[in-house]
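Here are the chains, one letter per residue:
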Amino acid sequence: GAVVSQHPSWVICKSGTSVKIECRSLDFQATTMFWYRQFPKQSLMLMATSNEGSKATYEQGVEKDKFLINHASLTLSTLTVTSAHPEDSSFYICSASNAGGSANEQFFGPGTRLTVL
Amino acid sequence: GNSVTQMEGPVTLSEEAFLTINCTYTATGYPSLFWYVQYPGEGLQLLLKATKADDKGSNKGFEATYRKETTSFHLEKGSVQVSDSAVYFCALSDNQGAQKLVFGQGTRLTINP
């Protein structure tokens, strides 16, 4: 149980285009989902926290107009990178908290590698 | 703010060797502490956790003890296997609000047969 999927697993796009990444909790309801960014050989940096049906809370330094997050249901959150540029190339990881489980346990997706040309 | 510092890798050991990966933290209040493992091509998985001082988390032969006096949560295993090769992340949660996690930089472990 507690499986989180991400789609796509990798994407290559041209500079200036937008890319949408999906995060799904497959066998549980996730009241809270988190989006992280991981640079090569570095740690995961939290970008934003989203609760189902409400606006996401962004970490300091993260542009909310560039990284659009939607959490419309208890099993799906999306991250849209708008007008992507090469510096947005990174590994994006989502996680989800189980509404009925341990309050501080997060279940992670496998990540999406974004390359912007 | 809260932070986690991990032993830098990569770490390479022979099978059946003893493993220690150091982790220290800075936090206000009483955080929960975690070790996550990321196997090649997979997402992060919770390996073990401890929620209060002197608690010991254990799983799959790995152990870590929450030491408040030294603000540490070192990961240990007595005899590693090739299948333990992965990246290990130490993390903390401040147990407030959205239960956000703060991660260390990760330590890549390679076990040779």
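Residues numbered from 1 in each chain as written. Chains lettered and ligands numbered in written order. Predicted model: local features only at pLDDT ≥ 70, side-chain atom pairs only at ≥ 80, totals over all residues. Heavy atoms only, no water.

Draft legend 1. Summary view of the overall build of chain B. A tally of regular secondary structure across chain B gives zero helices and twelve strands. Each helix and strand of chain B, ordered N terminal to C terminal, gives the series β-β-β-β-β-β-β-β-β-β-β-β. Compactness check: chain B gives a C-alpha radius of gyration of 14 Å against a globular reference of 13 Å for 113 residues, within 12% of the reference. The dimensions of chain B, computed from C-alpha atoms along their principal axes, are 45 × 30 × 20 Å. (Helix = DSSP H or I, 4+ residues; strand = E, 2+ residues; numbered from the N terminus. Rg over C-alpha atoms; globule rule 2.2 N^0.38 Å.)

Draft legend 2. Spatial organisation of the overall build of chain A. A count of helical and extended segments in chain A gives zero helices and eleven strands. For chain A, the α and β elements follow one another from N to C terminus as β-β-β-β-β-β-β-β-β-β-β. In terms of C-alpha radius of gyration, chain A reaches 13 Å, essentially the compact-globule figure of 13 Å for 117 residues. Burial analysis of chain A (117 residues in total) assigns 49% to the buried set. Here the contacts in chain A between residues at least 6 apart in sequence split such that 55% fall between residues at least 24 apart. Total accessible area on chain A is roughly 5,700 Å²; 53% of this is exposed by carbon and sulfur atoms. (Buried < 20%, exposed > 50% of the residue type's maximum accessible area, 1.4 Å probe, protein only. Contact = heavy atoms within 4.5 Å. Areas by Shrake-Rupley, 256 points an atom, 1.4 Å probe, with all protein chains shown as cover.)

Draft legend 3. Representation of unusual backbone geometry within the structure. Of the consecutive residues His7(A) and Pro8(A), the connecting peptide bond is found in the cis state with omega at 0 degrees. Structurally, Pro8(A) can be placed in the loop between strand E1 (4–7) and strand E2 (10–13). Cis geometry is found at the peptide bond from Gly9(B) to Pro10(B), where omega equals -5 degrees. At Asp54(B), a position not held by glycine, the phi torsion is positive, near 75 degrees. Relative to the helices and strands, Asp54(B) is located in the loop between strand E6 (44–50) and strand E7 (56–59). The exposed category is assigned to Asp54(B), whose relative accessible area is 54%. The backbone of Lys60(B) sits at a positive phi, close to 55 degrees, despite the residue not being glycine.

Draft legend 4. Representation of a nonpolar patch on the surface in the model. Taken together, Trp10(A), Ile12(A) and Leu117(A) make up a surface patch of nonpolar side chains, about 390 Å² in accessible area. Residue position: Ile12(A) is located in strand E2. (Patch = residues over 30% accessible without salt bridge, like charges linked within 9 Å, V, L, I, M, F, W, Y side chains within 5 Å. Salt bridge = Lys/Arg side-chain N within 4 Å of Asp/Glu carboxyl O.)

Draft legend 5. A look at the interface of chain B and chain A. The partner chain A presents 19 residues to the 19 residues of chain B that form the contact. Interface area, chain B with chain A, both sides summed: about 1,400 Å², of which 54% is carbon and sulfur. Of all residues in chain B, the largest losses of buried area upon contact with chain A belong to Leu44(B), Lys100(B) and Phe103(B), amounting jointly to 29% of the total for that side. Along the contact surface separating chain B from chain A lie one salt bridge. The residue Glu59(A) makes a salt bridge to Lys100(B) at a minimum N-O spacing of 2.9 Å. (Buried area = accessible area lost by both parts, 1.4 Å probe.)

Draft legend 6. Inspection of the pairing of strand E8 (residues 76–81) of chain A at higher detail. All names here are of chain A. With respect to burial, E8 is a largely interior element, five of its six residues being buried. Inspection of the sheet shows strand E3 (residues 19–25) paired to E8 by six bridges, in the antiparallel sense. Within the sheet, the bridge partner assigned to Ile 21 lies in E8 and is Leu 79. Counting the residues that bridge the hairpin from strand E7 (residues 67–73) to E8 gives two residues. (Pairing = 2+ DSSP bridges.)

Draft legend 7. Region of the structure containing the side chain of Thr78(A). Here Thr78(A) lies in strand E8. Non-local contacts of Thr78(A), meaning those with residues more than four positions away in its chain, are made with Lys20(A), Ile21(A), Glu22(A), Trp35(A), Leu68(A), Ile69(A) and Asn70(A).

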